[in-house]
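# Notes for the structure review
One letter stands for each residue in the lines below.
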Amino acid sequence: MAHLEPLIIRVAVPSPLRRLFDYLAPANIDKNQAEQELQPGCRVLVPFGRRQVTGLIIETSQQTEFDLNKLKPIDQLIDAEPLLPASLFKLFIWAASYYQQPIGDALFSTLPVLLRRGELPPEPGQPGWKLSTLGMGLGPESLKQARKQRALVELLQDQQTGLAESIILQSFSRTIIKQLEHRGLIEAVVIPPGIRPVENLLKQDPLRLYSSQQTAVDAIQSHGFNSYLLDGVTGSGKTEVYLQCIDKVLRYGRQALVLIPEISLTPQTEKRFRDRFNQPVVTLHSGLSDKQRLAAWMQAKTGEAKIILGTRSAIFTPLAAPGLIILDEEHDQSYKQQDGFRYSARDLAVIRAQQESIPIILGSATPSLESLNNCANGRYQHLILNNRAGDAVQPDWQIIDLKTERVESGIAASTLAAIGTTLNRQQQVLVFLNRRGYAPALLCHQCGWTADCNQCDSRLTVHRARGRLICHHCDHQRRIPQQCPGCQGQQLIAAGEGTERSEAYLQQCFPDSKVLRVDRDSTRRKGAMQQVFDTADSGEPCILIGTQMLAKGHHFANVTLVAVLDADSGLFSPDFRGHERTGQLLTQVAGRSGRGKARGQVLIQTHQPEHPLLELLMTQGYGQFARELLTQRQFSQLPPFRHMAVIRAEAQQASDADDFLQLVRQLAENIAPPSPDLSYLGPLPAMMEKRAGRFRYLLQLEAKQRSALQALLSQLAPQLESHRDSRRVRWSIDVDPQEL
Ligand code: ADP
Ligand code: ZN
Ligand code: ZN
């Protein structure tokens, strides 16, 4: 019997089990040393089953509920000091518990891949470039034809030890760097960290704020936790407000974390941050290699990077000196992860700001009902920018009643006429349709056969250019048949419209104008999106047609007409958020119009010209529209007035999924019987019951208090995990679901 209590180390490992695993300290170090070195937040290598895995120490203890003789020692300690700052570590633990996610999975799914694999973080420093031997020997006459490249070589001639890439990017594009690297004239180096005094903070003068911008900037306190909702119509100058708030926190040596929904769609945003500040900006985007991602992560952690720009998962970036969090387009659905660790980056951003005691700005032209409600109940401060900056004015909205018009390929005659007029005025048109492909269905004129996906409850979409039928839910693909498989008839009809079809029709009507399509199909090729932006930015008259990718962020200066081909699909969505999303989407798309000098026009094609919500949106704007929806939500006791969680199950047999959720409901009701404050709905089949060969069911839980829901779920989850029936299904818990 040991007379000293051994030290127990609780470790999170990447595993779907909702628990920590107990280990003993490595055999070769004594208890004192172990207590000092094995700190929460350090990674370790541990034996796990028959494998060895990387884990993270969560806590140490003197006690274990397991048999001491069965505990194994840690194989190796990886980090000499905690990998994550304490505040971020706390956020992970909070998030894993709130979203009912196993802590190991939560942690490891958001760490850079190389750290997950147990690699050591690189030495602090920034990636940079210096001249190679070849580059140093370059004669003064070389590169005469490539002025930009020449200029960069000259800049580097004065920098023996090299220059940080983030500094180079302030004056040169990535392409120039790549070209010089390709020629072998420069090589990558790590620039050691140095204290750079905050002088010459600005590279570009700030704009003179107009009064509501100034009011917003003045209201936003740089110290302490406060949440602000910056509610400003598209083009009202929210970004300028962000820039000036960032300016303030950089001045006292702090960092700003800026989250945006999608970086590739908004290259202008990144450029505006780089253009304004003489300070290192790192961007965390999907195009980074594992090594680049880790380097960027380290720069944020060491404080080298002053502005960190990223998408959803960037909320988990460690910061040496956090000063401000900004979350742009806060209503955007992409902030909620829809599988695995189902967190909301928006909600976590607010929690993180609170834990770090710093301000957070949520910005949007179409704020979510959750955030508007948080303004109403005083949790957020509501800052409003009502007008467009500069000369731009709000566009005119007009309804096109599809019932009374001749419509071809989804485009009504008067819409077509308006497009022609706009092109003649040398202006640009944006056509919006949220369905990619040529047509959403293929059917037989003779027998009514339709091309269905046999894996899903769904039709196959016709993609004519590729000659294929594709399922947009499971990606099942096959050739477009020549004849009907049912009756051998020859008359197969592509029914309905997708972007590809409307594109073809528009090109036929306007053969002399460029028609550019922007959807997931057309932008798959690298650089395709950039080409579209370049054409649009050149200002030449053209038609841009696309899905909601077109509604995001990009500022098209010469677009004066926006046409929404199908406003109806959103108005009839069975999801309770359908109306909110439609209002946001229409307002965002409309906001693409008339951002320059000329007044914009918005055409909304619908079969429901008298729909009261559409009317409200058009005549009163998004603010009134959202207030009306909030009243309705309160009346029907839906979020944000009730709190919701969904338990989903899917299986190859529908009955397995259904039965499992029946069981879940029983277990749940044993813990917390239904009451006016806590209700259950289901099991119900999902909106698309069969998808990718599996039947999907869901059980909905609604509570008046978040805490009641949390208490229930944290008791329920371990029961489900250990129940043997859970092995027959794939199940998950989604707290604050965004989609039902
Ligand atoms: P938002 O982010 O709200 O959509 P932006 O910040 O992109 O709006 O601003 C729209 C346009 O107005 C940009 O071209 C921006 O440079 C310009 N702008 C913003 N604020 C001002 C200002 N105070 N004075 C002049 N122009 C401004
Ligand atoms: Zn047929
Ligand atoms: Zn399918």
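The sections below set out a description of the structure shown in this document. Every chain begins its residue count from 1, and numbering advances along the sequence as written. Going through the entries in the order they are written, you letter the chains from A and number the ligands from 1. Thresholds applied to this predicted model are a pLDDT of at least 70 for local features of residues and 80 or more for the giving and counting of side-chain atom pairs; totals over whole chains, interfaces and linings are not thresholded and use all residues. With hydrogens and water set aside, each side-chain value is computed from the structure's full complement of heavy atoms.

### Topic: the site of ligand 1
Taken together, 16 residues lie near ligand 1, and Arg208, Gln213, Lys238, Thr239 and Arg272 sit nearest. Considered on its own, ligand 1 offers 560 Å² of accessible surface; in the complex 73% of this is hidden by protein. The biggest single contributor to the shell around ligand 1 is helix α10 (residues 238–251), with three residues. Residue composition of the shell around ligand 1, grouped by class: five nonpolar, six polar and five charged. Nearness here has a simple test: a residue counts as near a molecule or strand if at least one of its heavy atoms is within 4 Å of that partner. Each accessible area value is a Shrake-Rupley result obtained with a 1.4 Å probe; residue values ignore everything except the protein chains displayed when judging cover. In this description a helix means any DSSP run of H or I spanning at least four residues, a strand means any run of E spanning at least two, and both kinds are numbered starting from the N terminus. Residues are grouped as follows: Ala, Val, Leu, Ile, Met, Phe, Trp, Tyr, Cys and Pro are nonpolar; Asp, Glu, Lys and Arg are charged; every other residue, Gly included, is polar.

### Digging into the pattern of salt bridges
Think of it this way: side chains of opposite charge can pair up when their charged atoms draw near. Criterion for a salt bridge: a side-chain nitrogen of Lys or Arg within 4 Å of a carboxyl oxygen of Asp or Glu. As enumerated under the stated definition, the model contains 36 salt bridges in all. One salt bridge connects Arg18 with Glu721, and the closest N-O pair in it is separated by 3.1 Å. Taken as a pair, Arg18 in the loop between β1 (8–12) and β2 (21–24) and Glu721 in helix α23 (residues 706–722) lie far apart in primary sequence, 703 residues in all. Only protein chains enter the accessibility calculation, which uses a 1.4 Å probe; a residue is then buried when its area is under 20% of its type maximum, exposed when over 50%, and partly exposed in between. The exposure class assigned to Arg18 is partly exposed, which follows from its relative accessible area of 25%. Taken together, the salt bridges that share partners define one network made up of Arg436, Arg466, Asp521 and Arg524.

### Topic: the sheet that holds strand β8 (residues 186–191)
Reading across the sheet, the three strands line up as β7-β6-β8 and stay open at both edges, with antiparallel pairing between neighbours. Of all strands in the sheet, those with a lone pairing partner are β7 (163–164) and β8, marking the two edges. Strands are labelled as partners when DSSP assigns at least two bridges between them. As judged from the two bridges shared by strand β6 (residues 126–131) and β7, these two strands associate in the antiparallel manner. By the bridge assignment for β7, Trp129 is matched with Leu163. Helix α6 (residues 147–157) rests against β6, β7 and β8 of the sheet, and its axis sits at about 100° to β6. Any pair of residues with heavy atoms lying within 4.5 Å of one another is described as a contacting pair. Here the axes come from fitting lines to C-alpha atoms, over the contacting stretch only for helices, and the angles between their N-to-C directions go from 0 to 180 degrees.

### A look at the coordination of the zinc ion (ligand 3)
The rule for donors is simple: an N, O or S atom within 2.8 Å of the metal counts, and for Na, K and Ca the reach is 3.2 Å. Water is not among the atoms, so a site may look short of donors. The coordination sphere of the zinc ion (ligand 3) contains the protein donors Cys453 (SG), Cys456 (SG), Cys471 (SG) and Cys474 (SG), at a distance range of 2.2 to 2.4 Å. Each of the four donor atoms bound to the zinc ion (ligand 3) contributes to angles spanning 104 to 112°, and the resulting shape is tetrahedral. All donor residues of the zinc ion (ligand 3) come from one chain, and their arrangement in sequence is C-x2-C-x14-C-x2-C. Here the residue Cys453 occupies a position in the loop between β20 (441–444) and β21 (461–463), and Cys474 occupies one in the loop between β22 (468–470) and β23 (477–479), the gap between them amounting to 21 residues. Labels for metal geometry use angle windows, namely 85 to 135 degrees for all angles of a four-donor tetrahedral site, and for square planar (four donors) or octahedral (six donors) sites opposite donors over 155 degrees apart plus all others within 65 to 115; sites meeting none of these are irregular.

### Description of the coordination of the zinc ion (ligand 2)
The zinc ion (ligand 2) binds to the protein through Cys444 (SG), Cys447 (SG), Cys484 (SG) and Cys487 (SG); the donor distances cover 2.3 to 2.4 Å. Each of the four donor atoms around the zinc ion (ligand 2) contributes to a set of angles spanning 105 to 113°, which defines the coordination as tetrahedral. Look at where the donors of the zinc ion (ligand 2) fall in the sequence and you get C-x2-C-x36-C-x2-C.

### Some thoughts on the sheet that holds β21
The strand order across the open sheet formed by three strands is β21-β22-β23, and the pairing between neighbours is antiparallel. The sheet is open, and its two edges are formed by β21 and β23, each paired on a single side. Averaged over all adjacent pairs, the angle separating strand axes in this sheet is 30°, with direction ignored.

### Comments concerning the state of the cysteines
Only a pair of cysteine sulfur atoms within 2.5 Å counts as a disulfide in this structure description. Counting across every chain of the model gives zero disulfides. There is no disulfide at Cys245, and the cysteine sulfur nearest it, in Cys375, is 16 Å away. For Cys245, a relative accessible area of 4% gives the class buried. As a non-bridged cysteine, Cys509 has Cys542 as the owner of its nearest cysteine sulfur, 16 Å distant.

### Section: the packing of aromatic side chains
Pairing of aromatic rings covers Phe, Tyr and Trp, the last through its six-membered ring, and needs centres within 6.5 Å; plane angles under 30 degrees mean stacked, over 60 mean edge-to-face, and all others mean tilted. For the structure on display, the rule yields 11 aromatic pairs. When the ring of Trp94 is compared with that of Tyr98, the centres are 4.9 Å apart and the planes differ by 10°; the resulting orientation is stacked. A residue pair is termed a helical-turn pair when its members lie 3 or 4 positions apart in one helix, as Trp94 and Tyr98 do in helix α2 (residues 86–98) at four residues. Assessed through its relative accessible area of 32%, Trp94 is described here as partly exposed. Three or more aromatic residues joined by ring pairs form one cluster here, namely Phe92, Trp94, Tyr98, Tyr99, Phe316, Phe341 and Tyr343. Two conditions define a charge located above a ring, namely a distance within 6 Å from the ring centre to NZ of Lys or CZ of Arg, and an angle within 35 degrees of the ring normal. The ring of Phe172 has Lys148 lying over it, and the distance from NZ or CZ to the ring centre is 5.1 Å.

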